[in-house]
Amino acid sequence: DQQVKQNSPSLSVQEGRISILNCDYTNSMFDYFLWYKKYPAEGPTFLISISSIKDKNEDGRFTVFLNKSAKHLSLHIVPSQPGDSAVYFCATRAYSGGGADGLTFGKGTHLIIQP
Amino acid sequence: DAGITQSPRYKITETGRQVTLMCHQTWSHSYMFWYRQDLGHGLRLIYYSAAADITDKGEVPDGYVVSRSKTENFPLTLESATRSQTSVYFCASSDRAQPQHFGDGTRLSIL
């Protein structure tokens, strides 16, 4: 069973508008959530994260919202720019105290910014 | 330059062969990870390591072997490659509780 779901394989947004990428998770033990951005032929690049003790984290044009009761998080990009065209992965981790936890990834959403 | 490098970037081999993918990081991060990415899946964890000589299985470890004799290196070996192991492999590293940093991947094709 998929523990992290990104239900939109692709999303097309006009340049300058808001992009909203969604992610749902099933395991309530997950307590740390991350978004990664990936260009073709490159590794994923860390974008922004949020701890389960918060419901919002902002970094420039990127904001992540966490709704724990719904087990849902979203990434908002405002305004969207052509360089934002990439695959975005939602990832989560369950705290084990050791820090060596691997991440559980969603399948990714391909964001396309239209000029 | 500081960072995480994977080699080779591309590899073609035949079923039954042994192949080793290399991963080297210059940050002195304690934690290192191997993932594979396949169509229809996100990245899936193969093995991870909390320190030199400490390794543990992830979600999809079957058919893979890892070692970590030095903090900076974390090689992944396919002892007898199978077609189902055709994939893109990513290595990552991190400090405790920090976001993982990824290499650019090795695209492995097994014929």
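In short, a report on the structure. (Residues numbered from 1 in each chain as written. Chains lettered and ligands numbered in written order. Predicted model: local features only at pLDDT ≥ 70, side-chain atom pairs only at ≥ 80, totals over all residues. Heavy atoms only, no water.)

A few points about the pattern of salt bridges
In step 1: Scanning all chains against the criterion turns up five salt bridges over all chains.
In step 2: Among the salt bridges present, the one from A:K56 reaches A:E58, with a minimum N-O distance of 3.9 Å.
In step 3: Owing to a relative accessible area of 42%, A:K56 belongs among the partly exposed residues under this scheme.
In step 4: For B:D38, the salt bridge goes to B:R36, with nearest N and O atoms at 2.9 Å. The pair formed by B:D38 and B:R36 is uniform in burial state, with each residue classed as buried. (Salt bridge = Lys/Arg side-chain N within 4 Å of Asp/Glu carboxyl O. Buried < 20%, exposed > 50% of the residue type's maximum accessible area, 1.4 Å probe, protein only.)

Regarding the pairing of strand β5 (residues 43-51) of chain B
Both faces of the sheet carry side chains from a regular strand, because those side chains alternate between them.
All names here are of chain B.
In step 1: Of all nine residues in β5, seven are buried; the element is thus mostly enclosed.
In step 2: Relative to β5, strand β4 (residues 31-37) is paired through six bridges, and the arrangement is antiparallel. Its bridge partner being in β5, Y35 is matched across the sheet by L45.
In step 3: Here β4 hands over to β5 after five residues, with G40 in that stretch at a positive phi of 85 degrees.
In step 4: Examined bridge by bridge, β5 and strand β6 (residues 54-57) share four bridges and lie antiparallel to one another. Residue A51 lies in a different strand from β6, and its bridge partner there is I54. (Helix = DSSP H or I, 4+ residues; strand = E, 2+ residues; numbered from the N terminus. Pairing = 2+ DSSP bridges.)

Here's the deal with the layout of surface pockets
In step 1: Approximately 730 Å³ is the volume attributed to the largest pocket.
In step 2: Around the largest pocket sit 32 residues that line it, and A:K38, B:Q37, B:D38, B:L39 and B:R107 are the ones nearest its centre.
In step 3: Among the secondary structure elements, those contributing two or more residues to the lining of the largest pocket are β9 (86-94) of chain A together with β9 (87-94) and β11 (106-110) of chain B.
In step 4: Looking at the lining of the largest pocket, the element that brings in the most residues is β11(B), giving four residues. (1 Å grid on protein atoms, 1.4 Å probe; cavity = no way out; pocket = protein on both sides within 12 Å on 5 of 7 lines; lining within 4 Å. Points joined across faces, edges and corners; volume = space filled by probe spheres on them.)

Some details on the sheet that holds strand β1 (residues 4-7) of chain B
All names here are of chain B.
In step 1: What the four strands build is an open sheet, ordered β1-β3-β8-β7; its pairing is antiparallel. Every interior strand has two partners, whereas the edge strands, β1 and β7 (64-66), have only one. Sheet twist, expressed as the mean angle between neighbouring strand axes with direction ignored, is 20 degrees.
In step 2: Relative to strand β3 (residues 19-25), β1 runs antiparallel, the two being bridged by four bridges. Bridge assignment links Q6 to a residue of β3, and that residue is C23. (Axes fitted to C-alpha atoms, helices over the stretch in contact; angles between N-to-C directions.)

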